[in-house]
Structure formats: C-alpha cells, structure tokens
Amino acid sequence: MSSAVTAPGTGEQTPTRTAEGKPRHLYEVDVLRILTFACVIGVHTTSHTVATDDVPLNALLGLLHFTRLVFFSLTAFVLVYSYTLRPRPMAQFWPKRFLLVGVPYLAWSFVYVAASWLLSSTRRGDVPDLVRTYAEGIVTGVSWYHLYFLLVTMQVYLLLPVIVWLVRRTRGHHVTLLVVSLVVQLVVFAGYKYFPASDAWLHGYQKQFFFSYVFFIVSGAIAADHADRFLRFIRVHRRAVLWGFAGVGVLTLGVWALQVGLGQSLYAAGTPLQPIQAVWSGAVFVGFLAIGARWADRRRPGSPLARFIDYGSDRSFGIFLSHPFMIWILLYGDSWLERVVPKPWLTLVTYLLVLVLSVAVTELFRWTPLSVPLTGRPSLASRGQREARARKRAAAAGVPAVSPAPVLSHQAEPVEPDDALVGETDDVGRGSAR
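Residues numbered from 1 in each chain as written. Predicted model: local features only at pLDDT ≥ 70, side-chain atom pairs only at ≥ 80, totals over all residues. Heavy atoms only, no water.

Engineer: Honestly, the environment of Leu 147 in this entry has me stumped. Any pointers?
Structural biologist: Mapped onto the elements of the fold, Leu 147 is located in the loop between helix H5 (127–140) and helix H6 (148–158). Leu 147 sits in the buried class, given a relative accessible area of 0%. Among all residues touching Leu 147, those that are not within four sequence positions of it are Tyr 105, Trp 108, Ser 109, Tyr 112 and Gly 141. (Helix = DSSP H or I, 4+ residues; strand = E, 2+ residues; numbered from the N terminus. Buried < 20%, exposed > 50% of the residue type's maximum accessible area, 1.4 Å probe, protein only. Contact = heavy atoms within 4.5 Å.)

Engineer: Looking at this model, I keep getting lost on the layout of surface pockets. Mind explaining?
Structural biologist: Any space left empty among the atoms is revealed by the rolling of a water-sized probe across them. Estimated volume of the second largest pocket: approximately 530 Å³. Along its surface, the second largest pocket is lined by 23 residues, and His 65, Arg 68, Lys 207, Tyr 267 and Pro 272 are the ones closest to its centre. In terms of residue count, helix H1 (residues 27–49) provides more of the lining of the second largest pocket than any other element does, five residues in total. Its residues assigned to classes, the lining of the second largest pocket comprises 11 nonpolar, eight polar and four charged. (1 Å grid on protein atoms, 1.4 Å probe; cavity = no way out; pocket = protein on both sides within 12 Å on 5 of 7 lines; lining within 4 Å. Points joined across faces, edges and corners; volume = space filled by probe spheres on them. Nonpolar A, V, L, I, M, F, W, Y, C, P; charged D, E, K, R; others polar.)

Engineer: Help me understand the environment of Phe 215, please; the structure alone is not making it clear to me.
Structural biologist: For Phe 215, the location among the structural elements is in helix H9 (residues 214–225). Of the residues examined, Phe 215 reaches a relative accessible area of 12% and is grouped as buried. Through-space distance from the C-alpha of Phe 215 to that of Gln 185 is 5.7 Å; in sequence the pair is 30 residues apart. Those residues in contact with Phe 215, other than ones at most four positions away along the chain, are Leu 178, Ser 181, Leu 182 and Gln 185.

Engineer: Looking at this model, I keep getting lost on the pattern of salt bridges. Mind explaining?
Structural biologist: For the coordinates displayed, the defined rule picks out 15 salt bridges. For Arg 33, the salt bridge is made with Asp 30, and the minimal N-O distance between the two is 2.7 Å. Of this pair, Arg 33 and Asp 30 both sit in helix H1, three residues apart, roughly one helical turn. Residue Asp 225 is joined to Arg 171 by a salt bridge in which the shortest nitrogen-to-oxygen separation is 2.6 Å. One end of the pair, Asp 225, is in helix H9; the other, Arg 171, is in the loop between helix H7 (160–169) and helix H8 (174–194), with 54 residues separating them in the sequence. Looking at Asp 225, the relative accessible area reads 2%, which means it is buried. Here the salt bridges share partners, and the residues they tie into one network are Arg 24, Glu 28, Arg 235, Arg 238 and Asp 297. (Salt bridge = Lys/Arg side-chain N within 4 Å of Asp/Glu carboxyl O.)

Engineer: Teacher, can you tell me more about the confidence of the model for the chain here?
Structural biologist: Should pLDDT be low for a region, the predicted coordinates there are not to be read in detail. In the predicted model, the chain carries a mean pLDDT of 87, and 85% of its residues have values of at least 70. Note on residues 1–8: pLDDT is under 50 here. Beyond four places in sequence and across chains, it has 25 contacts. Taken together, the stretch residues 401–434 has pLDDT below 50 and engages in 102 contacts with residues farther than four places along the chain or on a different chain. (pLDDT = per-residue confidence, 0-100.)

Engineer: In this structure, what is going on with the packing of aromatic side chains? I would like to understand it.
Structural biologist: When we look at a pair of aromatic rings, we describe it by the centre distance and by the angle of the planes. Going through the model one piece at a time under the given rule, you end up with 32 aromatic pairs. With a centroid separation of 5.7 Å and 55° between ring planes, the pair formed by Phe 71 and Phe 149 is classed as tilted. With Phe 71 in helix H3 (residues 67–85) and Phe 149 in helix H6, the pair connects residues that are 78 residues apart, well separated along the chain. Summarising the aromatic geometry, the rings of Trp 144 and Trp 328 are spaced 4.7 Å apart at their centres and angled 25° between planes, so their arrangement reads as stacked. (Phe/Tyr/Trp six-rings, centres within 6.5 Å; stacked < 30°, edge-to-face > 60°.)

Engineer: I'm lost on unusual backbone geometry in this one. Help?
Structural biologist: Note: most peptide bonds trans; most residues except glycine with negative phi. Looking along the chain, the bond that leaves Lys 343 and enters Pro 344 is cis, with omega of 5°. For Pro 344, the position within the fold is in the loop between helix H14 (336–340) and helix H15 (345–366). One non-glycine residue, His 203, lies in positive phi territory at about 55°. If you trace the backbone, His 203 turns up in the loop between H8 and H9.

Engineer: Would you mind going over empty space enclosed by the protein with me for this structure?
Structural biologist: Counted by the stated rule, this structure contains two cavities of 30 Å³ or more. In terms of lining residues, the largest cavity is bounded by 13 residues, among which Gly 62, Thr 252, Trp 256, Ala 269 and Gly 270 are the most central. Broken down by secondary-structure element, the contributors of at least two residues to the lining of the largest cavity are helix H2 (55–64), helix H11 (238–261) and helix H12 (275–298). Top contributing element to the lining of the largest cavity by residue count: H11, with five residues. Class assignment of the residues belonging to the lining of the largest cavity gives a composition of seven nonpolar, six polar and no charged. Quantified by volume, the second largest cavity comes out at close to 40 Å³. In terms of lining, the second largest cavity is formed by Val 80, Thr 84, Val 164, Val 167, Arg 168, Arg 171 and Asp 225. Breaking the lining of the second largest cavity down by element, the ones donating at least two residues are H3 and H7.

Below is the structure:
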C-alpha cells in the first residue's frame, strides 16, 4: 500500500503526517504553486514585451516555458494524493471539480471573447459571430491563450479513474512506467518540434490534448502514490536536488543557444513543446518542491511570511485567470506604457503592474457573489466563509469557537475548496498541521 495512505501512529511527524498520524497540509505545494504562477505571469509578460533581438530576455523566456508542464504534474499529484486519502464516488468528485474549474472556464472564455468582439469595429454588433466564436472557444480552448490549460485539466479530471487504476495496477513497476512515459513524451515533443508534418492532423491544437503531457500526468500521479517517501527524499537530498535543478537549467540554455546557432529564431528555440523542456520541467518540479520543503520545515504559523504564502496560495488561481486581461489593458493599441517605458525595462515594469492589478482585481472578486466564476473559490463574504474564519481565529487564540449546529456538523470538511488545478490540499489536513 502507498505511503500516502498509511497512518503511522508512531508519534513521529512525517512529510505527509502529523505526529498524531493525521494528514498534514503540504505547505511545500503552496510554495511550488506560487513560484510557478509567478513564472506564468513572467512568460506572458515577457512574450508580449520582449524585442525580437533581445538575447537575454528571449533566453529567459525559454527557461520560463516550463510552467504548463509543471502544473500538469502538480495537478496529477494533488488529484491522486487527495483522492487516495479521501476516496469518493465520481458522482461526488466530478461535480465539485467542474464547478470550481469549469465555471471559471466558461465565465472567462466569455469575458475574453466578448471584450475582443466589442473592440472589433468589423465584428461588433454581429451577435451570431459572438455566439459562434464563444462556442468554438469553449470546445477548442482558444478563447484566450491561457485557457487551454483549464480544458486539459478537465480532461485529467475525467481520466482520474483511469489514472488511479493505472497507478495501482503497476505498483512494483513504477520505475518502468516512468521510463516508458518519459520516452513517449520525448518522442511526442520531438515530433512537435522537429517534424511538424507528424502532427498536422492536430491542426495546431497540440497543446489542447492531455496526451501531449502524458509523462507529467503519470509522474505526478506516481509521486502522489509514494508521497511520503518522495517528499522525504527531496528533504534528505535537497542540496543534490537543487544542484541538479541548476545543472539542467544550464543544459536547457545550452540547447537553446545551439538551436539559435542552427538558425532558429530566439523565440522558436525556446518553445515549450520540445524534448529538452520535458527534462527541464521535471527538474523545476522537484527543485521548487525542495525550496518549498525548506520553507515548510521552518514555517512559523501566524508569521507575516506564512500569512503572505497562505494569501498568495488562495488567490493564485484568480490571478492566473485575470492576468492576461491586465496585460491586454496595459499594452492595447498605441499603449502609453510602451511609449513611456523603453525596452528592456518595459518587461519588468509591465510584470509588476500586471501583478498588482491582477491581485487587486482578484481580491475584489473574492468578496462578491461572482467569486466562484471569476476566481474558482467561494466568496469571502459568504456566511460559511465568515464562520470558518471565526473558527480559525478562535483556534489560533486557543478559545473554543461557537458556531451554529449546521456548521458544526460539517467541521470535518475543508474550509477551502480542494481545487487540484492550483494544487490545493486543504481537504487533507490543513487544520491539523497548525
């Protein structure tokens, strides 16, 4: 049986269990999530502001293209980890997952399609065109350039029974499964990158299908099945993991430089769907987890930094959904920002402005009834959320919280939604870890 589901009961805390044997909140995942979302904003900001001949920024962009691949590993990891700890029928699992991801997908697809439609002098007023474009965007994930990620995530949700079955069926052979899936991934990415005719049948929709990320989904699921040993290994060998992380980063830059030398453009040399990115993204996943594990082991509950990490973790999905809109606003048309700020400083200034605006918009949405469709989380103004925060404050002060009976009857449920898209594991022990 996997170490993720065993309850030691030995009085010793493990990477996944408290000393009392209860599942602990994986704070290292919070750090991985925040770092990766910060890099997502970096990818999109840089790609919109970098000069075509800017070598350093294009090299940086090539390094930052790990984000989608790391997130699919993270999504599979949290899905399998959470499901193993708390199995439930798919009839209960799917509605909750699709509410917290599918509804934002539909809402933000409409926001981006409608905004583009309203700003187009040739399409504005053509309602059938709006409906057709919106429907096509929903099916293909192209309503805006980042929304395909939610479409693939929902495919992973649908495949969870198959993923869990595969992990359990191949126990004792997980190394073989990892190697096979990595080889498949390298072949797929090599086809995408170096033999474009091989994927012509996908008509440019390579990134919209789960099979483009098979290694990352499989590796995340297997890591979850060995969560305790996996996270312990990262802690014990943290220095080696981080040196490996740095070494693979240098190798990735070397491949980028080689491809530039062979005639590829500075941008094309660093695209995400290529073999070196499979290796680099795996290194980033364990490297960021090593950084997160160091933080988790030294975390002081209630400290300013702990509150900052908790806040960033909670708002990260909403920031992901809204930040391209902020980029659009700042750089639309004859942008004042581009006139005032010269390159390459435009990239840094745009990044900071996008981050501030996205946080502000997400914070605003979190306090409105539109919080679920626009941030993927319940409104902070709801009664349940107010009572949960009151219990949390009372627990921190050591005072028994008094809540209405209907709420008390559900105290075993998580305070926050367990949204695997953003790596949330609040349903598997956040309260018990404090």
